[in-house]
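A closer look at the structure
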Amino acid sequence: MNDRELVAHAAEFRSRAYAPYSGFAVGAALLARSGKIYGGVNVENASYPVGICAERAAIAAAVTAGEREFEALAVIADSPAPCAPCGMCRQVLVEFPIARVILANTAGDLRVLTPAELLPHAFGAAALP
Ligand code: THU
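Residues numbered from 1 in each chain as written. Predicted model: local features only at pLDDT ≥ 70, side-chain atom pairs only at ≥ 80, totals over all residues. Heavy atoms only, no water.

Since the α-helix advances by 3.6 residues per turn, residues separated by three or four positions end up pointing in the same direction. Between its terminal C-alpha atoms helix H1 (residues 3–14) stretches 16 Å, which fits the 16 Å expected from twelve residues at 1.5 Å a residue. Where H1 is concerned, the buried positions are Asp3, Leu6, Val7, Ala10 and Phe13. Buried residues of H1 fall within an arc of 115 degrees about the axis and therefore sit on the same side. Facing away from the buried side of H1, by more than 90 degrees, are the exposed residues Arg4 and Glu12. (Helix = DSSP H or I, 4+ residues; strand = E, 2+ residues; numbered from the N terminus. Expected span 1.5 Å × (residues − 1). Buried < 20%, exposed > 50% of the residue type's maximum accessible area, 1.4 Å probe, protein only. Arc of directions from axis to C-beta.)

See the structure below:
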């Protein structure tokens, strides 16, 4: 699966975003090493901080299905530049092996980064006693 195909999946998932408070719908598509694709959308809440981002929703869905190794994650929103994952999602992304993260917007712009490029000097399990 190429990057644009994965972005197309993310765009399809995005139509199910629940974002009544921000109006900013985000979709994510996570390609596991198994070849399966897991979707995520942002799910907001009247108690604003309780909402979850599309990227973490996709990772939760995949891990729930038994996946722990990933090829690529695509994330898309109607943003001026390709949608950048928030800091909390970056920390979740570095927890699992994943080759690349594809940032996209609905205008068709793409940017491909590694988790380490998204979150250099990340805190990780190696720091724990
Ligand atoms: N959001 C995501 O789902 N992913 C991102 O990469 C950026 C932000 C969500 C959180 C919130 O529901 C809305 O977008 C506005 O911040």
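A word on the pattern of salt bridges. Pairing of side chains with opposite charge becomes possible as their charged atoms draw close. Applying the stated criterion across every chain, the model contains three salt bridges. Here aspartate 3 and arginine 100 are joined by a salt bridge, their closest N and O atoms 2.7 Å apart. Of the two residues, aspartate 3 sits in helix H1 while arginine 100 sits in strand E4 (residues 98–105), which places them 97 residues apart along the sequence. In this structure, arginine 33 engages glutamate 69 in a salt bridge whose closest nitrogen and oxygen atoms are separated by 3.6 Å. Taken together, the residues span a long stretch of sequence, with arginine 33 in the loop between strand E1 (26–32) and strand E2 (37–41) and glutamate 69 in the loop between helix H2 (54–64) and strand E3 (70–77) at a distance of 36 residues. (Salt bridge = Lys/Arg side-chain N within 4 Å of Asp/Glu carboxyl O.)

Of all seven residues in E1, seven are buried, a share of seventy percent or more. Bridge analysis of E1 against E3 gives seven bridges, and the strand direction is antiparallel. If you follow valine 26 over to E3, its bridge partner there is alanine 77. The pairing of E1 with E2 spans five bridges and is classified as antiparallel. Within the sheet, the bridge partner assigned to leucine 30 lies in E2 and is tyrosine 38. The turn linking E1 back onto E2 is made up of four residues, and glycine 35 within it adopts a positive phi angle of 100 degrees. (Pairing = 2+ DSSP bridges.)

Right, let's talk about the site of the ligand for a bit. Near the ligand you find Ser22, Phe24, Val26, Asn42, Glu44, Cys53, Ala54, Glu55, Cys83, Ala84, Pro85 and Cys86, and these make up its full shell. Between the ligand and asparagine 42, the relevant distance is 3.0 Å, taken from an oxygen atom to a side-chain nitrogen or oxygen of the residue. One of the backbone N or O atoms of alanine 54 is found 2.9 Å from an oxygen atom in the ligand. Notes on the ligand: free accessible area 370 Å², of which the protein chains cover 75%. With respect to the pocket detection grid, the ligand is positioned in the largest pocket. (Near = heavy atom within 4 Å. Polar contact = N/O pair within 3.5 Å; in protein donor to acceptor, adjacent residues only side chain to side chain. Areas by Shrake-Rupley, 256 points an atom, 1.4 Å probe, with all protein chains shown as cover. 1 Å grid on protein atoms, 1.4 Å probe; cavity = no way out; pocket = protein on both sides within 12 Å on 5 of 7 lines; lining within 4 Å. Sits in = over half its atoms within 2 Å of the grid points.)

Before going further, it helps to examine the layout of surface pockets. The calculated volume of the largest pocket comes to roughly 180 Å³. Lining of the largest pocket is provided by 15 residues; of these, Phe24, Val26, Asn42, Cys53 and Glu55 occupy positions nearest its centre. If one sorts the elements of the lining of the largest pocket by residue count, H2 sits on top with three residues. A per-class count over the lining of the largest pocket returns nine nonpolar, three polar and three charged. (Points joined across faces, edges and corners; volume = space filled by probe spheres on them. Nonpolar A, V, L, I, M, F, W, Y, C, P; charged D, E, K, R; others polar.)

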